[in-house]
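# Structural description and commentary
Residues per chain are reported as follows:
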Amino acid sequence: MEGDLPDQPDLFSVQQEDDAEGLEHIPPFAAPVAAAPSAVTRDPVALRIAEAVRDVFGDFGSEHGLSRGEIAQACAAVASAGEFDARFRVFIKLRLLESLRGKAHDQRYVFNPTSGAALLVYERLGEAGGVQEITMLLDRTREGLLNGSLTEEQLAAKIAQARRSLANYTNHLLRLVRTRPIEELLGQRHHHAHTTSLEEAKHLVHAVAEQYPALRPAGTRLIQEALRYTAAVNEFHDRLMQQATTRRDFSMLLPEQYVTAARRSSADALAQVFATTVFDPPHVQITTGQILTAAADHQPPPPRQRLPRPPSRPPGPDPVEAARAKAALARQRREATVTLLMAGKDEADVTAALRALPWQAAVKHLVELLRAAADPAIPFMLDISREVIVDGAGPVTYASPVTAYRIPDSPQGMDDDTEAAPQSPHE
């Protein structure tokens, strides 16, 4: 019977992760500060009562607080009187609610804003997981770097904290993808629907490397860990897509994935969805006048004169292949120039070598370095400082310190994503 079948989640339903009530994130969130396992609740009514208390203070509260009766009336829609009494005592003990004047006999209470902030965190964890917290950490670290509120030691600690957090999430996601059943992956779709950690990490590392070159290795490790997390997310989505194709269960996919398929797939690929669908024959009734009107409106344009055939290609080498070969030779020359200037090192200051050349040759070499840094096929990055060196008697009058370094081996896509944008040289 249709009524006996369990409810199945459709494409546009918001699934709660793992737990039917969406409270699985509360125990690990409170675990670092919990006194005992029994101190963490898994009762959804408790969370609804706390949210109702927050809302009533936000709607009707003032600096004079609210009475117990007013709070109980606001919670009557979500909990019974007995459930409210039990939670009210817990709220008083844990200081979610505090007496207005700090006295035991006081019957008016105020709401602790710290508890309100915790409720917002619980809601965000339930919707997007903890990856968003790492993105916020990277953004705050970059902001602290730009406004000068963080020292070099504090920046190093923040970068290490973000890298370790990303590593923990990557390991968890890989373990989930490679060892757990598909039903557990479905519950994690919203946690990894959008990943911006890689972009935030790149912006932070570029900003840190400019002011603190000693932190560049730590920044490189952070980007590598962000790339590793991105690869794990791609593997996660690939397994979902494989299962959706095998089972023909399109509820496994998110609405965003349907939008991406519609924008990037061909019409033939989209038509395959209805390849085995049976349609009723059409029953369209039109008149002769409608046919004549439609034919007049959609008649083909008059024929146009066909252009003459283009002349045949003259004999000789293919100019396209010749251009490709020329580009390949130019790339080899640039890479050889970079290797020669760096003397086989992974990182080298080439300022002195450029300044020792005649200024025309120095400009030519610097241009080759910039073009090599802009080429994604060459694992090489260039850092040009904003400092200006003035030497009136030297071959090059004006110059800026230039540091070249080779990008270490990394997962596929590392060269493109971590490539530094070349800066304008100061001749």
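Just above, that's the structure.
The text that follows walks through the structure, step by step, so that each part is easy to find. (Residues numbered from 1 in each chain as written. Predicted model: local features only at pLDDT ≥ 70, side-chain atom pairs only at ≥ 80, totals over all residues. Heavy atoms only, no water.)

## A closer look at helix 6 (residues 131-147)
- Taking 1.5 Å per residue, 17 residues should reach 24 Å; helix 6 reaches 25 Å between its end C-alpha atoms and fits that length.
- All of the buried residues in helix 6 are Val 131, Ile 134, Thr 135, Leu 137, Leu 138, Thr 141, Gly 144 and Leu 145. (Helix = DSSP H or I, 4+ residues; strand = E, 2+ residues; numbered from the N terminus. Expected span 1.5 Å × (residues − 1). Buried < 20%, exposed > 50% of the residue type's maximum accessible area, 1.4 Å probe, protein only.)

## Thoughts on the packing of aromatic side chains
- Per the stated rule, a full pass over the model turns up 3 aromatic pairs.
- Summarising the aromatic geometry, the rings of Phe 84 and Phe 88 are spaced 5.6 Å apart at their centres and angled 40 degrees between planes, so their arrangement reads as tilted. Linking Phe 84 with Phe 88, this pair stays in helix 4 (residues 81-93), spanning 4 residues, or about one helical turn. Here Phe 84 and Phe 88 have matching classes, each one buried. (Phe/Tyr/Trp six-rings, centres within 6.5 Å; stacked < 30°, edge-to-face > 60°.)

## Focus: the side chain of Glu 368
- Tracing the chain through its elements places Glu 368 in helix 16 (residues 359-374).
- When near neighbours in sequence (up to four residues on either side) are disregarded, Glu 368 contacts Arg 333 and Arg 334. (Contact = heavy atoms within 4.5 Å.)

## Let's talk about the sheet that holds strand 3 (residues 108-111)
- Within the open sheet, the 3 strands sit side by side as 1-3-2. Their pairing is antiparallel. Of all the strands in the sheet, just strand 1 (66-67) and strand 2 (97-99) have a single pairing partner and so form its edges.
- Inspection of the sheet shows strand 2 paired to strand 3 by 3 bridges, in the antiparallel sense. Looking at the pairing, Glu 98 lines up with Val 110 of strand 3. (Pairing = 2+ DSSP bridges.)

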